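The primary structure of each chain is shown beneath.
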Amino acid sequence: MSSHKNIPPEERRRLYRKTYKKHNLANILTHWFNVFMWLLLLPTGVAVLSSPRLGLSPVWLQELYRNLFGSTANLIQFHYTLGLIWIFVLTFNVLLGFRKYFVPFAITRLLLDRDDIEWFKIKPLQMLGFHKDRELPPQDAYNAGQKAYMYVVILGTIGIMLSGIVMTFKTFFPPLLKQFAQPVHWVSVFTIVAGLIIHVYMGAVFPEEKEAFFSMFSGKVSAWYARAHHEKWYNEKLKEELEWEDQVTAEYLESIKEGALTTSPE
Amino acid sequence: MAHKPHYAFVIDVARCIDCRACQVACSVENQVPLEHTRIWVQDLGLLGEFPALKRSFVPYNCMHCEKPPCTEVCVAAATYKDPATGLVLVDQEACIGCGFCVDACPYNARYLDQRRGVVDKCNACQQRLERGQQPACVATCLGGSRLFGDLNDPTSAAAQALKNAKSIVRLDYEVNGHDTGPNIFYINLPEEAAQSGFLYMPTDDRQPLVSQPGELPREPQYSLAEVGWKKVLAPLLFAGIGASFFVQAVFFTKQLIEGEKEFEE
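The structure presented is a predicted model; accordingly, all values stated were derived computationally and were not measured.

## Concerning the interface of chain A and chain B
Contacts between the two partners involve 38 residues from chain A and, on the opposite side, 38 residues from chain B. Listed by contribution, the elements that provide at least two residues to the side of chain A that touches chain B are α4 (72-96), α8 (175-205), α9 (210-218) and α10 (223-229) of chain A. By residue number, the principal contributor to the side of chain A that touches chain B is α8(A), which donates 16 residues. Per-class residue counts for the side of chain A that touches chain B are 23 nonpolar, nine polar and six charged.

Structural data, given as structure tokens:
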């Protein structure tokens, strides 16, 4: 059993003090940019949705935002102007950091493996109160739930962007495309929102994940947190660290030897 | 004065000579593209038996319904019934020209202007109304067939004409308890027009009557993107969001009850 609960207190203290870098600055900034844009785009978007036949948004919200912005046209213009900025920045970031950030991220952190499948079999039951004693399989830098949600977000974001562009450039696209862009837009948004509630709760409120929240600012998590929640990633980090130590030691020994050689004639 | 206007068109069918000056005036006033028109005149053809033949023409435009089916499908409320005047308008800065409302209008009163990417329709010449003028079609009507005015104001020409009408017809579309309540009042329709499918009302009964289903009004149509499966999808999404919120609420309550331990991360 490799449970983190078996670790003695001394070791725990040592792990607490040590930190590993989980997020790079590019990810952190893109994340908070996305948060800021969602905070503005989601309420204005919901306020735009006003078909009584659709019935997706409360009338008071529609009226509040229409009054706040002066008119329906202003509200929609605000929504799609901001949306275009959002699309531009996210696309720009992904394209610019494609080789350096995106591809390594997708390969090392996004792919589901056998442990993740196992996690899906156990975790939902545990949340319902069954199998409390069963051990969860060790997880990567992101656990299976986080990975699954990431797929939802990536697909949803693409759906939102494409349908949003269709609806914004209204003279360019045919009416049928503009008709179907509407359900694609709100279905993508509300699918993401369904997961977003859990995402925000787990990230910002849930006590066991407190470090995950602060890591979204500092980029760092304690080794203890990594050991307890993302064991496979922790092991990898440990391996990297040991390799680094070996390398440094070797270099050091080399330099001493050279030093000994150069200084020996005198 | 707490006076709520009830703007309506009153069209004297007997006076229409099918000159279509209204159509030209409307297109010029509102810069309607050549391939489209906001208003039109329907020729009912030759009516009656030889030698007592008659011809009748029915001018059409937006009915500015009391309960318009078109505004209900607009996802952004870009088309709406103006609460102040009761006119059905399109905010073309907000409209994306998807065409849901074009399909839904039982009177074919809307068209899609793909060049501008918006839906256009009769707005009773708002720009002229604001200056106290009549709509272009009314101002230009040679025979005095088209009238427009506030029916709540008994001195208006429209109200007067309606009061003195020999017969009144409204092209109601009524199905499943949904009555459009159109605001074009056709008056003085010749008896022969009854046989053409256009509803005719006897002189002694001045109450507007629901027409039989004819060519117009037609049944509102709903695009595949607008209808049906969204009734499944929307509740499904709400259920998802609700379940998600419920789960976090349960965990948050648990967290509040149990409290936080400092040395447990």
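## Here we look at the pairing of strand β12 (residues 184-187) of chain B
All names here are of chain B. Burial along β12 is two-sided: the face carrying Ile-184 and Tyr-186 and the face carrying Phe-185 and Ile-187 are both buried. Two elements, strand β1 (residues 7-12) and β12, share four bridges in a ladder whose sense is parallel. Residue pairing for β12: Phe-9 is matched across the bridge by Ile-184. With two bridges connecting them, strand β9 (residues 168-169) and β12 associate as antiparallel partners.

## What about the environment of Leu151(B)?
Residue and element names in this part refer to chain B. Relative to the helices and strands, Leu-151 is located in the loop between β8 (146-150) and α6 (157-163). Separated by 142 residues in the primary sequence, Leu-151 and Phe-9 have C-alpha atoms spaced 9.2 Å apart. When near neighbours in sequence (up to four residues on either side) are disregarded, Leu-151 contacts His-6, Ala-8, Ala-158, Ala-159 and Leu-162.

## Concerning the domain arrangement of chain B
For chain B, the assigned domains are domain 1 (7-196) and domain 2 (228-265). Using C-alpha coordinates to define each centre, domain 1 of chain B is positioned 51 Å away from domain 2 of chain B.

## Observations concerning the sheet that holds β8(B)
The strand order across the open sheet formed by four strands is β8-β1-β12-β9 (chain B), and the pairing between neighbours is mixed. The strands lining the two open edges of the sheet, one partner per strand, are β8 and β9 of chain B.

## Describing the nonpolar core
Grouped together as the largest cluster of nonpolar side chains are 67 residues, with contacts concentrated most on Val10(B), Cys74(B), Ala76(B), Cys101(B), Cys137(B), Tyr186(B) and Ile187(B). Non-local contacts of Val10(B), meaning those with residues more than four positions away in its chain, are made with Leu147(B), Ala158(B), Ala161(B), Leu162(B), Phe185(B) and Ile187(B).

## Looking at α9(A)
Residue and element names in this part refer to chain A. Looking only at α9, the buried set comprises Glu-211, Ala-212 and Ser-215. Considered in projection along α9, the buried side chains sweep an arc of 100° and stay on one side of the axis. Among the structural elements, α8, β2 (220-222) and α10 are those in contact with the buried residues of α9. Where α9 terminates, the next one or two residues include Gly-219, which has phi positive at roughly 80°.

Criteria and cut-off values
- Residues numbered from 1 in each chain as written.
- Chains lettered and ligands numbered in written order.
- Predicted model: local features only at pLDDT ≥ 70, side-chain atom pairs only at ≥ 80, totals over all residues.
- Contact = placed C-beta atoms within 7 Å.
- Helix = DSSP H or I, 4+ residues; strand = E, 2+ residues; numbered from the N terminus.
- Nonpolar A, V, L, I, M, F, W, Y, C, P; charged D, E, K, R; others polar.
- Buried ≥ 20, exposed ≤ 12 C-beta atoms within 10 Å, placed from the backbone.
- Pairing = 2+ DSSP bridges.
- Domains from an automatic or database assignment.
- Core = buried A, V, L, I, M, F, W, Y, C linked by C-beta atoms within 7 Å.
- Arc of directions from axis to C-beta.

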